[in-house]
Amino acid sequence: MTMASSAASLGVIFNFSDRCPSPSFSLLAVAACDKCMAISSSSNKSSSSSSITCSSFSLQLGCRKFCTAAASSSSSSVSSSFVCKFSVPNCGGTRARRSGLKLGNLMVCSATLSPLKSARKEQEEEEGMKQQLVRVGEELPEDYVKDDPSKTAPQRRCGILLHPSSLPGSYGIGEMGHEAFAFLDWLKATGCRVWQVLPLVPPGRKGGEDGSPYAGSDANCGNTLLISLESLVADRLLEKSDLPKVVPLARVDFTAVAEIKDPLIVKAARNLVKSKGPLRERMESFRKDPRISVWLEEAALFAAIDNALGLQFWWEWPAALRNRDPAALEKARKTHEEFILIFIAQQFLFQYQWQEVHSYATKLGIKIVGDMPIYVGGHSADVWANQSMFALDPDTRAPSMVSGVPPDAFSATGQLWGSPLYNWKVMAEDRYTWWANRMRRAVELYDEFRIDHFRGLAGYWAIEGTATTAMNGKWEAGPREDFFDAIREAVGKVDIIAEDLGVITGDVVALRKHIKAPGMAVLQFAFGSNSRNPHLPHNHEVDQVVYPGTHDNDTVVGWWEKASMTERHRVQRYLRMEEDDDVHWEFIRCSIASVARTTIIPMQDILGLDNDARMNTPATQAGNWGWRVGESGIFSKLKVEKLKLRGLLDEFNRLPRGEKFVEEKAESKLKQLVVEEKADSKPKQLVVEEKQKSNPSKHEIK
């Protein structure tokens, strides 16, 4: 017997093919409510229906059986389809589920059902089912030829990778203000419908992380340095006279930015706490939201104690606080009550401004793709508040086993990240509740998100906490399918991109396919070996995200300048590239032409910048994360880039359905803009580079 199921909003279709002992065998249809587990069953021979009523919703179950072959004896073969429609009125957020049940030779496995779609959609799908059920030689419906699969196929799409800190801004860092909205307007005009950002968590400030969003001090809090000061003025939480002097364009100096912005954001938060009105009420709702409070209260208490003690790591705190003695924690809450309230207000302001940006993106039809580092910093509320869930020394509470990767192309001694490893066995005991809360937070912030170092959920490199390099570690098994099954049970469907770069083994591929998550391909990795290289476009998959390079790579221009003659020859032959003046556009074109559904392009490559604009160099701490896109108003000047990109999206079917690209007018306009740009003695890209070079960060590596 074989069985296939398709979980759609309309219902579930079961296809059975078995050597049936009787032409009138029975199928038991089962529905169970999440809350009271009431069960309805019906023995179905030709057609039947039944209904149940439970404490949370009523469920109507109807079944129809269509046989395409008749059985005349016990050796006959029967092929049947059962169409089940579930109507779940007033469900209250619960879901109907099929429960696992074995009936003779028929096994019904578990799947999730969603409420019915609109009546019109239901009718369309039912008509489609009838078409499938028309027998050989029978007349097809009149609208048969209108069934165009290309109109319902998944939309090919393109996006830009640009972290908010890289946006224009007057105070040393990009902000969630008017320049973020200007970028979204420009993005929509290009035809792109994806904005990818790096983690929005607050970067650690004590371990030499130099602004790294992958070494955050909390897994769920937002980076308050991204809060727009001008928006705080608009919300009357600051006066215009409070605004500091404009900081000249330069790479982000995170320490200097914090010195400028932290006091003003605290002042705005204090004014919010003292205020009355809708914004204050929204802050209270934010704090009371159980999805927020589950991590926010611990984060605020941790920050208060950390600020008061000023030690480098929490495991250096007095024993009572380090070990979370209840009396000591209660005393700390009372002592630092004001600090905790101001901390919560700052987090609300981040949430409030980010939601404004996110809502505007949604209005424009743009999806925001976030990023989730697999590990969290050791000096964080996450580890301190959940010590049993991490690999810590039982006496000192310092990390006993830490994260990293073995020697690779980036480092001969490996990459020692230093974050404590998870105690997966303990986490499994409560079905990964800490992770479920973290996933809910990500779903709230983003439309989709990438899990960085996805392979660590299949198998991870474990290093002794006292090691100084990542060379001497060992591979240990991750939680694998059980982890994602638990997340789906707790959170529901989550749209994930699996960062599956580096050492990828069969279990990583199997896990990614188990959760139906797209993987990644990077063109800069494509030309160093042979034709089997998975990053070469002819080896790409539809369910994949393709990049010319990522935030961890050289820019395309920077890569080309460093590439060996062998690599250059392979690129020129593969791309049929005669000139290298626009090598970045050749890589962009190749990425967009890929069969992969999604292409993401770093903003630096759109601008054709060299490695002075590189975002991060793995295995280094200083000089990273500081790149800025340019002065205020830069996006209104990127007309050539907009037309080039939009033309490529049209050529390779990545424009949103219904949008048109008038090629003749666009080409004429593009030629005119290129002539004007060449006449300019200082193209805007060079101006951006020149200004950033003239104002280097004190940490910048040359």
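Model, not experiment: these values are computed from the prediction. (Residues numbered from 1 in each chain as written. Predicted model: local features only at pLDDT ≥ 70, side-chain atom pairs only at ≥ 80, totals over all residues. Heavy atoms only, no water.)

**Describing unusual backbone geometry**
Where the residue is not glycine, phi is negative for most of them; where a peptide bond is considered, it is trans in most cases. Quick note on the threshold: Numbering of helices and strands runs from the N terminus, with a helix taken as a DSSP run of H or I at least four residues long and a strand as a DSSP run of E at least two residues long.
If you check the backbone angles, tyrosine 432 has positive phi at about 60° while not being a glycine. As for its position among the elements, tyrosine 432 is in the loop between helix 12 (424-429) and helix 13 (433-445). Although it is not a glycine, arginine 480 sits at a positive phi angle of roughly 55°. Of note, arginine 480 is situated in helix 14 (residues 480-491).

**Describing helix 5 (residues 254-274)**
Threshold: Expected span, for any helix, means 1.5 Å times one less than how many residues it has. In this analysis the local bend is the angle between axes fitted, respectively, to the seven residues ending at and the seven residues starting at the residue. Burial here depends on accessible area, computed with a 1.4 Å probe over protein chains only, as a share of the maximum for the residue type. Under 20% is buried, over 50% is exposed, and the range in between is partly exposed.
Its 21 residues place the ends of helix 5 29 Å apart at the C-alpha level, agreeing with the 30 Å of an ideal helix rising 1.5 Å per residue. Approximately 35° is the largest bend angle found in helix 5, and it occurs at lysine 261, with the proline proline 263 only one to four residues beyond. For helix 5, the set of buried residues is Phe254, Val257, Ala258, Lys261, Leu264, Ile265, Ala268, Ala269, Leu272 and Val273.

**Digging into the pattern of salt bridges**
Here the idea is simple: oppositely charged side chains can pair when their charged atoms come close. Test applied: Salt-bridge detection follows one rule: a side-chain nitrogen of Lys or Arg within 4 Å of a carboxyl oxygen of Asp or Glu.
This model, assessed by the stated rule, comprises 24 salt bridges. For the salt bridge of glutamate 175 with lysine 261, the shortest nitrogen-to-oxygen distance reads 2.7 Å. Residue glutamate 175 is located in the loop between strand 12 (157-161) and helix 3 (178-190), and its partner lysine 261 is located in helix 5; the two are separated by 86 residues in the primary sequence. For lysine 261, a relative accessible area of 0% puts it in the buried group.

**Topic: a negative patch on the surface**
Formally: Think of a patch as exposed residues, more than 30% relative accessible area, with no salt bridge, where like charges cluster within 9 Å and nonpolar side chains (Val, Leu, Ile, Met, Phe, Trp, Tyr) cluster within 5 Å. In this description, accessible areas are obtained by the Shrake-Rupley approach with a 1.4 Å probe, and a residue is regarded as covered only by the protein chains that are shown. In this tally, Asp and Glu contribute negative charge and Lys and Arg positive charge; neither His nor the terminal groups of the chain are included. Where a charge lies is defined by one atom per residue type: Lys uses NZ, Arg uses CZ, Asp uses CG and Glu uses CD.
A cluster of acidic residues, Glu578, Glu579, Asp580, Asp581 and Asp582, forms a negative patch on the protein surface. Turning to its location among the elements, aspartate 582 is positioned in the loop between helix 17 (565-575) and helix 18 (583-593).

**Here's the deal with the sheet that holds strand 20 (residues 496-498)**
Where we set the bar: The pairing criterion is simple: DSSP has to find at least two bridges between the two strands. Each axis is a line fitted through C-alpha atoms, taken for helices only over the stretch in contact, and angles between the N-to-C directions span 0 to 180 degrees. Residues are treated as being in contact if the distance between any of their heavy atoms lies within 4.5 Å.
Judged by pairing direction, the sheet is parallel, and its 8 strands sit side by side in the order 20-17-14-13-12-23-22-21 without closing on themselves. A strand with exactly one partner marks an edge of an open sheet, and here the two such strands are strand 20 and strand 21 (519-522). Averaged over all adjacent pairs, the angle separating strand axes in this sheet is 25°, with direction ignored. Summarising the sheet, strand 13 (residues 194-196) and strand 14 (residues 367-373) pair through 3 bridges and their orientation is parallel. Bridge pairing links tryptophan 195 to isoleucine 368 in strand 14. Helix-sheet contacts for helix 3 involve strand 12 and strand 13, and the interaxial angle to strand 13 is about 135°.

**Re the packing of aromatic side chains**
Going by this rule: Within 6.5 Å between ring centres, the rings of Phe, Tyr and Trp (the latter by its six-membered ring) count as paired, and their orientation is classed by plane angle as stacked under 30 degrees, edge-to-face over 60, tilted in between.
Counted according to the given criterion, the structure contains 34 aromatic pairs. A centroid spacing of 5.2 Å and a plane angle of 65° characterise the contact between phenylalanine 183 and tryptophan 195, whose relative ring orientation is edge-to-face. Of this pair, phenylalanine 183 sits in helix 3 while tryptophan 195 sits in strand 13, and the two are 12 residues apart along the sequence. Residue classification places tryptophan 195 among the buried residues on the basis of a relative accessible area of 1%. Taken together, the aromatic side chains of Tyr375, Phe390, Trp417, Tyr422, Trp424, Tyr432, Trp434, Trp435, Phe454, Phe483 and Phe484 make up a single cluster linked through ring pairs.

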